[in-house]
Each structure stands twice: as C-alpha cells, then as structure tokens.
Amino acid sequence: MKKIALSCILMFLSLSFALAQENSYQLSSHILDITQGKPAPNVKISLYKQQADGKWKMIEEKLTDENGRVKDFLKEDGTEHDGVYKLIYHVKTYFDLMGEDTFYPFVEVAFEIKGKKHYHVPITLSPYGYSTYRGN
C-alpha cells in the first residue's frame, strides 16, 4: 500500500512539473465555417505587426488545427508584445478545396495588443461573409 501511495505521489509531482514547463502564448485564433457548422482546418493564418514607419512586418504563419484553431501566436517569453497587429486568414484555398466559390480570397483583421492579457481573435466564416470579435 505504501508503494502504491508513493508511486501516485511521484506521478503527480512529475505531471505537475511537466505541466509547469508548458509554453504559454498571448494570442490565439479560431475559424468557424458557419455554412458547414464546423471548424475550418488547414487554413493558413499570417500574423503581422505594424512598425513605427507604418509598414507591416510578418511575424509568423500557422495552419489551423483540426478544430480550426491556432493557439500559439506570440510566445510569452518576457518579450513585450504591445502594438498594432493584423491576422490575414487565407481562406480562398479552403473554399477551393471544398469546391465553393468565395467573394473573399483572404480576410484581414487588425487589432491592438496592450499589456500582458491573452487575446483571442476568432472569425465566423462563409463564402460571402465573415464576422469577428474579441474572444477569450
């Protein structure tokens, strides 16, 4: 019995340590295809930051996962991320693969990050419309 209890404690401590080592990120996004009623997987999203001269600098690009999400933009590593950003959702390829026409080859959403809070920028999408909001 003591061996089982000791094993459980060691497993709990190992799991706690592993979870504490997980990276965290300040920005995430999600695409919900409202015509299909499900997430949009494998959509490229590009993240840009506006520079002091007004020009945009690409920070990184990711593909949405099977749940239509990108959870890992802007790693929280002590870097100050304040500024104006935009996400570009490259949706034409997604609709092409579905055999659907779309009015929007891409969707561009600009927003401002202030402080160390988490920002979630989702879009609801259809071939002829989209909507966005600040999620959580």
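(A) Geometry of the nonpolar core. In this structure, Leu-27, Ile-31, Phe-73, Leu-87, Tyr-89 and Phe-111 are the most contacted members of the largest nonpolar core, which totals 23 residues. For this core, the elements supplying multiple residues, two or more each, are strand 1 (25-33), strand 3 (44-50), strand 5 (69-75), strand 6 (83-90), helix 2 (92-98), strand 7 (107-113) and strand 8 (119-126). The residues touching Leu-27, leaving out its near neighbours within four places in the chain, are Leu-47, Lys-71, Asp-72, Phe-73, Leu-74, Leu-87, Phe-111, His-118, Tyr-119 and Val-121.

(B) Region of the structure containing the sheet that holds strand 7. Strand order in the open sheet made by the four strands is 4-3-6-7, with antiparallel pairing throughout. Whereas interior strands pair on both sides, the edge strands pair on one side only; in this sheet they are strand 4 (56-63) and strand 7. If you compare each strand with its neighbour and ignore which way they point, the axes differ by 20 degrees on average. Relative to strand 6, strand 3 runs antiparallel, the two being bridged by six bridges. In the strand pairing of strand 6, Tyr-48 is matched with Lys-86.

(C) The arrangement of the environment of Phe-95 in detail. Looking at the secondary structure, you find Phe-95 in helix 2. Separated by 52 residues in sequence, Phe-95 and Val-43 place their C-alpha atoms 9.7 Å apart. In this structure Phe-95 touches Asp-33, Glu-100, Thr-102, Leu-125, Ser-126 and Pro-127, once residues within four positions along its chain are discounted.

(D) View of the side chain of Asp-33. Here Asp-33 is to be found in strand 1. Buried within the structure, Asp-33 lacks any salt-bridge partner; its nearest side chain of opposite charge belongs to Lys-38, at an N-O separation of 7.4 Å. Setting aside residues no more than four positions away along its own chain, Asp-33 makes contact with Lys-38, Pro-39, Ala-40, Tyr-94, Phe-95, Met-98 and Leu-125.

(E) Structural context of unusual backbone geometry. You will see that Asn-42, though not glycine, has its phi angle at about 60 degrees, which is positive. Locating Asn-42 in the fold gives a position in the loop between strand 2 (38-39) and strand 3.

(F) Quick peek at the confidence of the model for the protein. Summarising the model, the protein shows a mean pLDDT of 90, and 85% of its residues fall at 70 or more. Every residue in residues 16-20 scores below 50 in pLDDT, and together they form zero contacts with partners more than four places removed in sequence or on other chains.

(G) Main features of the packing of aromatic side chains. If you walk through the whole model with that rule in mind, you get four aromatic pairs. When the centroid spacing of 5.2 Å and the interplanar angle of 85 degrees are considered together, the rings of Tyr-104 and Tyr-130 count as edge-to-face. Of this pair, Tyr-104 sits in the loop between helix 2 and strand 7 while Tyr-130 sits in strand 9 (residues 129-132), placing them 26 residues apart in sequence. Through successive ring pairs, a cluster of aromatic residues spans Phe-103, Tyr-104 and Tyr-130. Looking at Lys-86, its charged tip hangs above the ring of Tyr-48, at a distance of 5.4 Å from the centre. The ring of Tyr-119 is capped by Arg-134, whose NZ or CZ atom sits 4.0 Å from the centre of that ring.

How each quantity is defined
Residues numbered from 1 in each chain as written. Predicted model: local features only at pLDDT ≥ 70, side-chain atom pairs only at ≥ 80, totals over all residues. Heavy atoms only, no water. Core = buried A, V, L, I, M, F, W, Y, C linked by side-chain atoms within 4.5 Å. Buried < 20%, exposed > 50% of the residue type's maximum accessible area, 1.4 Å probe, protein only. Helix = DSSP H or I, 4+ residues; strand = E, 2+ residues; numbered from the N terminus. Contact = heavy atoms within 4.5 Å. Pairing = 2+ DSSP bridges. Axes fitted to C-alpha atoms, helices over the stretch in contact; angles between N-to-C directions. Lys, Arg positive; Asp, Glu negative; His and termini not counted. Salt bridge = Lys/Arg side-chain N within 4 Å of Asp/Glu carboxyl O. pLDDT = per-residue confidence, 0-100. Phe/Tyr/Trp six-rings, centres within 6.5 Å; stacked < 30°, edge-to-face > 60°. Lys NZ or Arg CZ within 6 Å of the ring centre and 35° of its normal.

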